[in-house]
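Topology and contacts: notes
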Amino acid sequence: MSNVGIIGFGQTKHVTRREDVTFPELVKEGADLALESAGIGIEDVDAVVFPLAPDALVGVGNGERWCVDAVGAVGKPFMRVNNGGATGMSAVLTAWTHIASGMFDVVLVAGADRVSESGSAQSVLNKMWDVGYERPLPLNTITMLALSAARYMYLYDSTEEDMARVSVKNRYHASLNPYAHLRDRITIEEVLNSRQLAWPIKLGDACPASTGAAGVVLVSERYAKAHGHQAAWIRGIGQNTETFWMGDRVGPKAQGDHADADALATAFQRAYDMAGITDPRSQVHAAEIYAPFSSVELHVIEAAGLAVRGEAPKRLAAGEFTLGSPGPVVNPSGGTQCSNPITVTGVIRVGEAALQVLGAAEDRQVPGARTAIASAIGGDHQFYSTMVLSSSLEEIV
């Protein structure tokens, strides 16, 4: 099996709307930026993997056909991937498989999203639940995660202020990231006084609906060495899937508590086992984790092994997980909470993690970062993807 690395990552600035380009033109921006970062042309690419949201959100049936030319896939093997919010990272994992198998040396993953332009995204997302038992509640991504947040607060005696600290940290990090959508810093009081969406989640706890594009270029070890490319090496990958039924995640028969992210923890452990990581708190320097709401970040930090269950709020209150603090830094880019073009959010998590281990993250760089992790979550917190990246192929210590 070939070692696989990332040699290029590009992204547009993430905003509410882009009326100056069509969707294929936006996709092309992401592809061109990734290729430019890698220092190669589309003629050097062996295959293309295209992340794309469900047709109901895109508003165009079979939208991949519309974008084949824009992403440079004509005459090349091409695959569309859709896995909800995990779509972007699932596409990167697909590209990893293409190269690790030995079939290809260079694979481009690039795409875009216009979340704010799909009408009522939450109404569309309500349709993912069971028509008889769960749609009428009504569940959507906000109300479903509000239930999880309330359960976390009950089990671990956490507060809305603990959630607000996540927002404050991520907005501070995003203020250092020129590509982030929400770049204004915020205070705990401003989060607590913001409009209620679904208790305990408020507007200050939530991600924006972003428009933007992103892409990464993956290569084999032999290609990187033959062409003198410095790479962020993918040392471990993990995936896992949760049950479709929300009712099966709560109550005495549930396999895990809805407050936690047990299925994600399993995905992280699979990636850690593959990478040889035994102590994430000391071996991981930066974490780009998928958390569209502040409450989600608390249990994802714990699922990643960066804190034991129920301790993430206390560690945040002590100033941990923030740029300039000792230990792993969580979402130095500002994370999903500050930019969420859903289809490519997972691509951005991988790309930002790659920048960290390459020492190329500019003002948001974690000093001395050699190992980083990335994650993505899709569906109704149903599909989980994880990744470990390193600056070298040597043993991670």
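To be clear, the structure that these remarks concern was listed above.
Heads up: these notes are all about the structure in this document. Treat the numbers as computed from the prediction; the structure is a model and nothing was measured.

Section: the pattern of salt bridges
- Within this structure, the stated rule accounts for 21 salt bridges.
- Salt-bridge contacts for arginine 18 lead to aspartate 20; the nearest nitrogen and oxygen are separated by 2.7 Å.
- Notably, a salt bridge pairs arginine 165 with aspartate 162, separated by 3.0 Å at the nearest N-O pair. With a gap of 3 residues between them, arginine 165 and aspartate 162 both fall in helix α7 (residues 160-174), about one helical turn apart.
- A relative accessible area of 23% means that arginine 165 is categorised as partly exposed.

A word on unusual backbone geometry
- With an omega of 5°, the peptide bond running from tryptophan 199 to proline 200 counts as cis.
- With respect to the helices, strands and loops of the structure, proline 200 is situated in the loop between β5 (196-198) and β6 (201-202).
- The phi torsion at aspartate 157 lies on the positive side, around 55°, for a residue other than glycine.
- Relative to the assigned elements, aspartate 157 resides in the loop between α6 (141-156) and α7.
- Residue aspartate 157 is classed as exposed on the basis of its relative accessible area, which comes to 69%.
- Even without glycine at this site, glutamate 362 takes up a positive phi of about 55°.

What about α6?
- Spanning 16 residues, α6 covers 22 Å between terminal C-alpha atoms, matching the ideal 22 Å at 1.5 Å per step.
- Here α6 has its buried residues at Thr141, Ile142, Met144, Leu145, Ala146, Ser148, Ala149, Tyr152 and Met153.
- Its buried side turned inward, α6 meets α5 (121-125), α7, β5, β6, α12 (294-303) and α13 (312-317).
- Its side-chain oxygen at 2.9 Å from the backbone nitrogen of isoleucine 142, asparagine 140 defines the N-terminal cap of α6.
- In the segment just after α6, aspartate 157 is the residue with positive phi, at about 55°.

Comments concerning the nonpolar core
- Ranked by size, the top nonpolar core spans 91 residues in total, and within it Ile6, Val109, Leu218, Ile234 and Phe268 carry the most contacts.
- Membership of the second largest hydrophobic core comes to 28 residues, among which are Val21, Ile40, Ala110 and Tyr223.

Remarks on the sheet that holds strand β10 (residues 329-330)
- Here we have 10 strands laid out as an open sheet, ordered β3-β2-β4-β7-β1-β8-β12-β11-β9-β10, and mixed in their pairing. A single partner strand is all that each edge strand has here, and the edge strands are β3 (78-81) and β10.
- Relative to strand β12 (residues 383-390), strand β11 (residues 371-378) runs antiparallel, the two being bridged by 8 bridges. Paired with alanine 372 across the bridge in β12 is leucine 389.
- Strands β1 (4-11), β2 (47-51), β4 (106-114) and β7 (211-220) of the sheet are contacted by helix α1 (residues 23-38), whose axis makes an angle of about 140° with β4.

Reading guide: rules and limits
- Residues numbered from 1 in each chain as written.
- Predicted model: local features only at pLDDT ≥ 70, side-chain atom pairs only at ≥ 80, totals over all residues.
- Heavy atoms only, no water.
- Salt bridge = Lys/Arg side-chain N within 4 Å of Asp/Glu carboxyl O.
- Helix = DSSP H or I, 4+ residues; strand = E, 2+ residues; numbered from the N terminus.
- Buried < 20%, exposed > 50% of the residue type's maximum accessible area, 1.4 Å probe, protein only.
- Expected span 1.5 Å × (residues − 1).
- Contact = heavy atoms within 4.5 Å.
- Polar contact = N/O pair within 3.5 Å; in protein donor to acceptor, adjacent residues only side chain to side chain.
- Core = buried A, V, L, I, M, F, W, Y, C linked by side-chain atoms within 4.5 Å.
- Pairing = 2+ DSSP bridges.
- Axes fitted to C-alpha atoms, helices over the stretch in contact; angles between N-to-C directions.

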